[in-house]
Amino acid sequence: MSKDENIDEKVIESKKISIESLLTKVEETKSDSVGEKTIEIKIDRLEELLGEGVVVVKVPNLEIVSSSIITNKKDIKGSFSYGGMNFNVNKLVYNCLIEPNLSSEKLRKAFGAKKNIDVFTMIFKESEITSMMKILMEKYGSGVTAIEKVKN
């Protein structure tokens, strides 16, 4: 999910990360110090229905993304393909959902569901889940740019 950027070779050389610059900002540079990023997404249909339509999701991490990879060909229905791999859309988005917390037994019983993820798929339409997945995957890959050297 990176964008491409054309930059002169001299500019690239001056922007390469040095050990000295890393040493000046050790704590800020550690990837774990960034913390968990969250996004608020508005679901129009639920806002019209309930008067409340905003869900809070966390940007997926590698664990969530990799746990959503489909390895069994029979599970390919309802998946999306990215980078030559197939992902379970429902599992990916469900594992990123923070609010509403759908792990309530009371909620499962009210919806007649066996699993929390079943409640999730009963509340959200496929198109809403797919739209949330697109937002999440876009954010997962953000902040990285491919650089192509420009020859003079």
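Residues numbered from 1 in each chain as written. Predicted model: local features only at pLDDT ≥ 70, side-chain atom pairs only at ≥ 80, totals over all residues. Heavy atoms only, no water.

### Quick look at the sheet that holds strand S2 (residues 38-42)
Where we set the bar: Strand pairing is assigned whenever DSSP identifies at least 2 bridges connecting the two strands. A run of H or I in DSSP counts as a helix once it spans at least four residues, and a run of E counts as a strand once it spans at least two, with each numbered from the N terminus. Helix axes are fitted only over the stretch in contact, all axes being lines through C-alpha atoms; the angle between N-to-C directions runs from 0 to 180 degrees.
Reading across from one edge, S2-S3-S6 is the order of the three strands in this open sheet, with antiparallel pairing throughout. Two strands close off the open sheet at either side, each with one partner strand: S2 and strand S6 (97-99). Across this sheet, the average inter-strand angle for adjacent strands is 35°, counted without regard to direction. As defined by bridge partners, S2 adjoins strand S3 (residues 54-58) across five bridges and the pair is classed as antiparallel. Residue pairing for S3: Lys42 is matched across the bridge by Val54.

### Examining the side chain of Glu128
Stated formally: Think of it in three bands: with a 1.4 Å probe and only protein chains considered, a residue is buried below 20% of the maximum accessible area for its type, exposed above 50%, and partly exposed in between. Pairs of N or O atoms within 3.5 Å make up the polar contacts considered here, provided that, within protein, one atom can donate a hydrogen while the other can accept it, and that residues adjacent in sequence are counted only when both atoms are side-chain atoms. When checking whether two residues touch, look at their non-hydrogen atoms; a contact exists if any pair is within 4.5 Å.
Looking at the element boundaries, Glu128 is found in helix H9 (residues 126-140). Using a relative accessible area of 12% as the deciding quantity, one classes Glu128 as buried. A polar atom in the side chain of Glu128 sits 2.8 Å from the backbone nitrogen of Lys125. Among all residues touching Glu128, those that are not within four sequence positions of it are Ile43, Arg45 and Ile123.

### Some thoughts on H9
Inclusion rule: The span one expects for a helix is its residue count, reduced by one, times 1.5 Å. The arc in question is traced by the directions running from the helix axis to the C-beta atoms.
Taking 1.5 Å of rise per residue, 15 residues should cover 21 Å, and H9 covers 21 Å from first to last C-alpha, within 8% of that figure. Listed as buried for H9 are Glu128, Ile129, Met132, Met133, Leu136 and Met137. Along the axis of H9, the buried positions cluster into a sector of 165°, meaning they face one direction only. The outward face of H9, more than 90 degrees from its buried face, is lined by the exposed residues Lys134 and Glu138.

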